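So the chains spell out like this:
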Amino acid sequence: MATASAANLNDLKNLGADQAIDYAAQPFEEQVKDIDVVLDLVGGETQARSWQIVRPGGVLVSTLGVPQSGIPQGIQALPVFANLRANSQLQQIAQLIDDGRIKVSVEQIFELAEAAKAQEVSQHGHPRGKLVLQVVHSS
């Protein structure tokens, strides 16, 4: 299951979500219950509302950190940290993409000199796919 705005629901299904939920139409916590693992990429209020959909014995994993208190009993909270073996893992991910096993949606490609513009789009736009900075190496 995954959440997105109405305009992005088909993208979620194309990426493999069994259920795509429009977070603006109805609160996700009213639509799903007893989830084994919640991957929180938003934090704040969304993370706070996510606790109620995790089943006892389940886990909430967040890229934005987890609170030190207020975690419901029987639910585990785990932050995601960078891994020192990232190069090897990036090679494995690249191979999965090359093999077509992972689909990547690219919204827009920016030249490195346009990094500030890309940051602006990421902060104030609502891209459907990834924003990519293109780095050209001169030999």
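Above this text you will find the structure in question.
Residues numbered from 1 in each chain as written. Predicted model: local features only at pLDDT ≥ 70, side-chain atom pairs only at ≥ 80, totals over all residues. Heavy atoms only, no water.

Quick look at the overall build of the protein now. Each helix and strand counted, the protein has 4 helices and 7 strands in total. N-terminal to C-terminal, the α/β element order of the protein is β-α-β-β-α-β-β-α-β-α-β. Projected onto its principal axes, the C-alpha coordinates of the protein cover approximately 55 × 35 × 30 Å. For the protein, with 139 residues in total, the buried portion stands at 24%. (Helix = DSSP H or I, 4+ residues; strand = E, 2+ residues; numbered from the N terminus. Buried < 20%, exposed > 50% of the residue type's maximum accessible area, 1.4 Å probe, protein only.)

Right, let's get into the pairing of strand 6 (residues 106–111). By the bridge criterion, 5 bridges tie strand 6 to strand 7 (residues 130–134) in an arrangement that is parallel. The residue of strand 7 that forms the bridge with valine 106 is lysine 130. Remark: the strand 6/helix 4 (residues 115–124)/strand 7 crossover connection has right-handed handedness. (Pairing = 2+ DSSP bridges. Right-handed = clockwise from strand over helix to strand, strands pointing away.)

Within the secondary structure, asparagine 8 is located in the loop between strand 1 (2–4) and helix 1 (9–14). One polar contact links asparagine 8 to arginine 128, side chain to side chain, over a distance of 2.5 Å. If we skip the residues at most four places from it in the chain, asparagine 8 touches His126 and Arg128. (Polar contact = N/O pair within 3.5 Å; in protein donor to acceptor, adjacent residues only side chain to side chain. Contact = heavy atoms within 4.5 Å.)

For aspartate 34, which is not glycine, the phi dihedral falls at a positive 55 degrees. Structurally, aspartate 34 is set in the loop between strand 2 (20–22) and strand 3 (35–40).

Glancing now at the side chain of aspartate 40. You can see aspartate 40 is positioned in strand 3. Despite being buried, aspartate 40 has no salt bridge partner; arginine 49 is the closest side chain of opposite charge, sitting 9.7 Å away. Within the local environment of aspartate 40, its side chain forms a polar contact with the backbone nitrogen of valine 42, the two atoms lying 3.0 Å apart. Here glycine 43 takes part through its backbone nitrogen, which lies 2.8 Å from a polar atom of the side chain of aspartate 40. (Lys, Arg positive; Asp, Glu negative; His and termini not counted. Salt bridge = Lys/Arg side-chain N within 4 Å of Asp/Glu carboxyl O.)

A grouping of Leu90, Ile93, Ile97, Ile102, Val104, Val106, Ile109 and Val132 is seen on the molecular surface, where their side chains present a nonpolar patch of about 630 Å² in accessible area. Every element with two or more residues in the nonpolar patch is listed here: helix 3 (86–98) and strand 6. It is helix 3 that contributes the most residues to the nonpolar patch, 3 residues altogether. Along the chain, isoleucine 93 turns up in helix 3. Of the residues examined, isoleucine 93 reaches a relative accessible area of 40% and is grouped as partly exposed. (Patch = residues over 30% accessible without salt bridge, like charges linked within 9 Å, V, L, I, M, F, W, Y side chains within 5 Å. Areas by Shrake-Rupley, 256 points an atom, 1.4 Å probe, with all protein chains shown as cover.)

As a further point, take the sheet that holds strand 5 (residues 76–79). Ordered in space as 3-4-5, the 3 strands form an open sheet in which the pairing is parallel. Looking along the sheet, the strands with just one partner apiece sit at the ends: strand 3 and strand 5. Put simply, the sheet's adjacent strands are angled 15 degrees from each other on average, direction ignored. Alignment of strand 4 (residues 54–62) against strand 5, held across 4 bridges, turns out to be parallel. Each bridged residue has a counterpart across the sheet, and for valine 61 the counterpart in strand 5 is leucine 78. (Axes fitted to C-alpha atoms, helices over the stretch in contact; angles between N-to-C directions.)

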